[in-house]
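Summary of structural features
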There are 2 protein chains.
Amino acid sequence: MTKRTELSQIGEFGLIDHLQKLLNYTHKNTHIGIGDDGAAMTIPPEEKMVITTDLLVEGTHFNLMYTPLKHLGYKAVVVNISDLLAMNAKPAHITVSVALSNRFSLESVEELYKGIELASQKYGVDVVGGDITSSHSGLLISVTAVGSAPEKQIVRRSAAKENQIICVSGNLGAAYLGLQVLEREKEVFKSSKMQPDLASYDYIIGRQLKPEARKEIIALFKEKNILPTSLIDISDGLASELMHICKQSQCGAQIYEDKLPIDIQTYNTAQEMNLSATTCALNGGEDYELLFTIEQNDYEKLKGVAGIATIGHITDKNAGLQMVCKDQTLIPLSAQGWDGLKQNTK
Amino acid sequence: MTKRTELSQIGEFGLIDHLQKLLNYTHKNTHIGIGDDGAAMTIPPEEKMVITTDLLVEGTHFNLMYTPLKHLGYKAVVVNISDLLAMNAKPAHITVSVALSNRFSLESVEELYKGIELASQKYGVDVVGGDITSSHSGLLISVTAVGSAPEKQIVRRSAAKENQIICVSGNLGAAYLGLQVLEREKEVFKSSKMQPDLASYDYIIGRQLKPEARKEIIALFKEKNILPTSLIDISDGLASELMHICKQSQCGAQIYEDKLPIDIQTYNTAQEMNLSATTCALNGGEDYELLFTIEQNDYEKLKGVAGIATIGHITDKNAGLQMVCKDQTLIPLSAQGWDGLKQNTK
């Protein structure tokens, strides 16, 4: 039997002391870490500090029935790192706040923090602060990530221009279909108590439970000497993110269905579930891939680079956001990405 | 009747757009605010960036039955500003994340953000980012505050030395007794439906519902050319905070009961409730006053300054933390401040 230590035995300060031991400081710019009223760090001179924050709420963003706590901790860090990368910034530090009820044991909180530490090590960030508190209901994780970049290297969503090329990293729709499989198997398990065999869905489930932030793409920009004209990470679905770029850059966009990068497991699972793989790619969300636009002159530099798909081009604002389908018909796209507050009322 | 607009009518992006209009950017160091994957700001050259974060959870930290949302928003900002001041840093920027259920209307979320904006204006910080998401249970607010200070001006908890003077700003125990009155009147209201007359408790209730962070004290340090040897804000109670200083500075402390600053309304309410005003001052918490130690040489500079009480001195580690009572007896102090995770199990 696994050991279970009640949080009430050690209290808030005891828990913080305990968890602190799981965290390592390796970033050269960390000046003061956990253990005071605040943390202190050095922002490289001549650089802007970049900050982003995301909440993950049980029942809204994750279901603990199929989400291991270690994976959840990992994901909570990754989704924030992804936002820093989407500004073309270097991640450096994070704070992690957790609200949890006493149904969690010390051992389960440790699992969560092991995932947080694993992601922190992988992405080269230090956990320098946070808060832990009790909640009468579910688990909630609030992460804030801090990084930096030279002012001229920061890429926003607002400078895409007509005729520029729209690119996306990796592939789309996998995390969404991974979630559909997990939800389906949860229902099967509830009624039959049979452990599901998920081997044939390993890739898409991995994309849902343990996403990665695409720091290689940021490295690639540097290596190829490319500064995207706009950049955003795909958390709510390609269509929704492209709409953000169009809105903030005051432009339209045309993308091509047959250019959308879709993994074979995503495609097969969509077929099996009677879903359109294209719709999953457009509206699925949680891919944490990077969507960006580049000048036409930069196109040659990325041509043929594995893992970067050229999916369309920026158009005039009046043209709106459109997709050329496989049968050559043109359809307008609307963002049907995840919206927690609207979903809430279903 | 007050207007009620459902959040489901406008969705997450609509809500963010709407709330953004309530927030003003006034800080000269804000480079990119809300509306991109991250915000960007300038940290003054030659200064360290200082960061802190706090969670406020409904049912654990506040009760909406007697906490107006505008006050709650104000307090969520103030408690974080207080932590930055407790590092002797200048507050500059905050991010605010909120998880809420659809029992909240657009108008009530607006009230919350009006309080956030009011505090931001008062303390000279810009709200540069955040997250809004649905929750199936209560309201939760996660604020992260960023500021900066020259490295040599940052004051930690760890450099108090024997014979140094222990000081505290303002007065103690008021916020705790304010909470006790609110809790008592809530019970009376529940059974009698009579609106309570709280006029004679106005000061202590104000201290509970609308605390302030003591930026004047930080200004005073500068004016008097004092650099405290240790500094902490009082969120969990004087005894608990003094214990943090003793632990991290490897020292003991002796304080005097008759030196504890207690407001007359706090004292009278404690009497009325058969509570010890001293115990409320030691363990009440949420005062957001500053507790600090200074060199003996600096004592003259603060002597007679209104709103600063000299309550004792630092002793050898082996002496522990003790209080000389009014009857000259010596008692050991233990931290009985608020601990959410322990409280949870009551």
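Each chain has its residues counted from 1, running along the sequence as written. Chain labels run from A onward and ligand labels from 1 onward, assigned in the order the entries are written. For this predicted model, a pLDDT threshold of at least 70 governs which residues receive local features, and a threshold of 80 or more governs which side-chain atom pairs are given and counted, while totals over whole chains, interfaces and linings are taken from all residues.

**Quick notes on the interface of chain A and chain B**
- Contacts between the two partners involve 61 residues from chain A, matched on the other side by 62 residues from chain B.
- Each helix corresponds to a stretch of at least 4 residues labelled H or I by DSSP, and each strand to a stretch of at least 2 residues labelled E; elements are numbered beginning at the N terminus. It is strand β3 (residues 47–57) of chain A that provides the largest number of residues to the side of chain A that touches chain B, a total of nine residues.
- Polar here means any residue outside two lists: the nonpolar Ala, Val, Leu, Ile, Met, Phe, Trp, Tyr, Cys and Pro, and the charged Asp, Glu, Lys and Arg; Gly therefore counts as polar. In terms of residue class, the side of chain A that touches chain B is built from 24 nonpolar, 25 polar and twelve charged.
- Two strands form a pair only when DSSP identifies at least two bridges running between them. With three bridges connecting them, β3 of chain A and strand β2 (residues 39–41) of chain B associate as antiparallel partners. When the sheet's bridge partners are listed, Met49 of chain A is paired in β2 of chain B with Met41 of chain B. Placing a C-beta atom from the backbone of each residue, one calls two residues in contact when those atoms lie within 7 Å.

**Side note on the relation of the copies chain A and chain B**
- Least squares is used to superpose the copies, and the fit set is the C-alpha atoms of residues whose pLDDT is at least 70 in both copies. In screw terms, the move from chain A to chain B is a rotation of 180 degrees and a rise of 0.0 Å along the axis, fitting with an RMSD of 0.0 Å. This pairing of chains is accounted for by a two-fold axis.
- Counting the interface residues of chain A, we find that 100% of their copies in chain B are interface residues as well, pointing to one common contact surface.

**Observations concerning helix α6 (residues 215–223) of chain B**
Residues and elements named next belong to chain B.
- With C-beta atoms placed from the backbone, a residue counts as buried when 20 or more other C-beta atoms lie within 10 Å of its own, as exposed when 12 or fewer do, and as partly exposed for counts between those limits. Restricting attention to buried positions, one finds in α6 the residues Ile217, Ile218 and Phe221. Seen along its axis, α6 keeps its buried residues to an arc of 100 degrees; they face one direction. Relative to its buried face, α6 has exposed residues pointing more than 90 degrees away, namely Ala219, Lys222 and Glu223.
- Where α6 is buried, its residues touch α2 (69–85), β7 (165–169) and β10 (290–294).
- Taken from the residues just after α6, Asn225 is the one with a positive phi, measuring 55 degrees. Taking the helix axis as origin, the arc is that swept by the directions to the C-beta atoms.

**Quick look at the domain arrangement of chain A**
All names here are of chain A.
- Here chain A is partitioned into domain 1 (7–151) and domain 2 (165–340).
- At the junction of the two partners, domain 1 supplies 16 residues and domain 2 supplies 18 residues.
- The element contributing the most residues to the side of domain 1 that touches domain 2 is helix α2 (residues 69–85), with nine residues.
- Taken together, the residues that form the side of domain 1 that touches domain 2 break down as nine nonpolar, five polar and two charged. Here the bounds of each domain stem from an automatic or database domain assignment.

**Topic: the sheet that holds strand β1 (residues 30–32) of chain B**
- Taken in spatial order, the six strands make up an open sheet running β5(A)-β4(A)-β6(A)-β3(A)-β2(B)-β1(B), and their pairing is mixed. The sheet terminates laterally at β5 (126–134) of chain A together with β1 of chain B, the two strands that pair on one side only. This sheet shows a mean twist of 20 degrees between the axes of neighbouring strands, independent of strand direction.
- When β3 of chain A meets strand β6 (residues 140–150) of chain A, the two strands line up antiparallel, connected through eleven bridges. Residue pairing across strands places Glu47 of chain A opposite Pro150 of chain A, the latter belonging to β6 of chain A.
- The strands touched by helix α3 (residues 106–123) of chain A are β4 (90–100) and β5 of chain A; relative to β4 of chain A, the strand with the most contacts, the crossing angle is about 170 degrees. Inter-axis angles, ranging from 0 to 180 degrees, are taken between N-to-C directions of lines fitted to C-alpha atoms, where helices are fitted over the stretch in contact.

**Re the environment of Leu7 of chain B**
- With respect to the secondary-structure elements, Leu7 of chain B resides in helix α1 (residues 7–20).
- Through-space distance from the C-alpha of Leu7 of chain B to that of Ser134 of chain B is 9.8 Å; in sequence the pair is 127 residues apart.

**Re helix α4 (residues 174–192) of chain B**
Residue and element names in this part refer to chain B.
- In this scheme, a helix's expected span is set at 1.5 Å multiplied by one less than its residue total. Spanning 19 residues, α4 covers 26 Å between terminal C-alpha atoms, matching the ideal 27 Å at 1.5 Å per step.
- Tucked inside the fold, the buried residues of α4 contact α5 (202–209), α8 (264–272) and α9 (277–283).
- Just beyond α4, the residue with positive phi is Lys193, at close to 60 degrees.

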